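Residue-level structure breakdown
Next come the chains, spelled out residue by residue.
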Amino acid sequence: MSEHDRHDENGETATGHSGHGDHGGSAGENGVRIPPVPYEDWDHDLFSVINPHRKLPEANVLGIFQRHPALARAFLTFNMHLNTTTLPVRVRELAVLRVAWRRGSRYEWASHVLIARKAGVTEVEIDEVRTGADTLLNRAVDELDTDSGLSDASYAALAADLDEHQLMDLVFTIGAYTMLTMALNTFGVELDPAISEENFSFPKREWYSHKREG
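Predicted model only: the values in this text are computed from it and were never measured.

The next subject is the nonpolar core. Ranked by size, the top nonpolar core spans 44 residues in total, and within it F47, F65, W109 and L170 carry the most contacts. Elements supplying a minimum of two residues to this core: α1 (60-65), α2 (69-82), α3 (89-102), α4 (106-118), α5 (123-131), α6 (136-147) and α8 (164-187). Looking at which element gives the most residues to this core, the answer is α3, with 8 residues.

A separate point is a nonpolar patch on the surface. On the surface, a cluster of nonpolar side chains totalling about 290 Å² of accessible area is made up of F78, M168 and F172. Judged by its relative accessible area of 45%, M168 falls in the partly exposed class.

This next bit is on the packing of aromatic side chains. Counted according to the given criterion, the structure contains 5 aromatic pairs. Each ring, one from F65 and one from F75, has its centre 5.6 Å from the other, and the planes form 15°; the classification is stacked. Note that F65 is positioned in helix α1 and F75 in helix α2, a separation of 10 residues in sequence. F65 gets classed as buried once you look at its relative accessible area, which sits at 11%. The class of F75 is buried, set by a relative accessible area of 11%. Taking the centre distance of 6.4 Å and the plane angle of 85° together, the rings of F78 and F172 count as edge-to-face.

Our focus in this paragraph is the confidence of the model for the chain. Of the residues in the chain, 77% reach a pLDDT of 70 or more, and the chain-wide mean stands at 83. Across residues 1-21, where pLDDT falls below 50, the model places 33 contacts with residues more than four positions away in sequence or in other chains. Residue range residues 206-214 is modelled with pLDDT below 50. Its contacts to residues more than four positions away, or to other chains, number 24 contacts.

Right, let's talk about α3 for a bit. In this model, α3 (14 residues) spans 20 Å end to end at C-alpha, consistent with the 20 Å of a helix rising 1.5 Å per residue. With respect to burial, α3 is a largely interior element, 11 of its 14 residues being buried. Those residues of α3 that fall on the buried side of the exposure criterion are V91, R92, E93, L94, A95, V96, L97, R98, V99, A100 and W101. For α3, the elements touching its buried residues are α2, α4, α5, α6 and α8. Positive phi appears at G104, one or two residues downstream of α3, with a value of about 70°.

Calculation criteria
Residues numbered from 1 in each chain as written. Predicted model: local features only at pLDDT ≥ 70, side-chain atom pairs only at ≥ 80, totals over all residues. Heavy atoms only, no water. Core = buried A, V, L, I, M, F, W, Y, C linked by side-chain atoms within 4.5 Å. Buried < 20%, exposed > 50% of the residue type's maximum accessible area, 1.4 Å probe, protein only. Helix = DSSP H or I, 4+ residues; strand = E, 2+ residues; numbered from the N terminus. Patch = residues over 30% accessible without salt bridge, like charges linked within 9 Å, V, L, I, M, F, W, Y side chains within 5 Å. Areas by Shrake-Rupley, 256 points an atom, 1.4 Å probe, with all protein chains shown as cover. Salt bridge = Lys/Arg side-chain N within 4 Å of Asp/Glu carboxyl O. Phe/Tyr/Trp six-rings, centres within 6.5 Å; stacked < 30°, edge-to-face > 60°. pLDDT = per-residue confidence, 0-100. Contact = heavy atoms within 4.5 Å. Expected span 1.5 Å × (residues − 1).

Written out as structure tokens, the structure is:
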């Protein structure tokens, strides 16, 4: 992704590779409020918590984290736990997809459809997430997103298949990815060039009104 221009307080143009003191600014031409740091400027050591043995490929979400190293280290350490928990990968990915769909996160949806397929999630199951079918995981995500809690019936149904650690990991996964979608939506993180939007559609909201549909 090319670096976006911004204007400083004196109205002069400056390029977007910012430190912690820069202002976030308003949405740019493509709805981007905080542009990712260009790949050639990344500090790859920042992502050692994800994979200490190699450089990670370019991704806009990681480019955003490059702008706030302290936040990146804290969140990515937690996120790595969520990606290596006791929760079955299929369960995790179906939950993340439902979060992405409900929260209108094109980026998370497109990224996690690919991960879900590798984990064995079927096209029928992906479509059930899209349509809001009455599946147990859809209900769990919807209840947590709407009510910040689970009904007794949903909790009991989940507990029939998941142990205590898995139940905790599920709730924290849904919460963490809800938080991440808030950031992606707010800062206008664009899809990575090689990733399809995977039949994503979402009704416009005020924060979604800038140019992201094309």
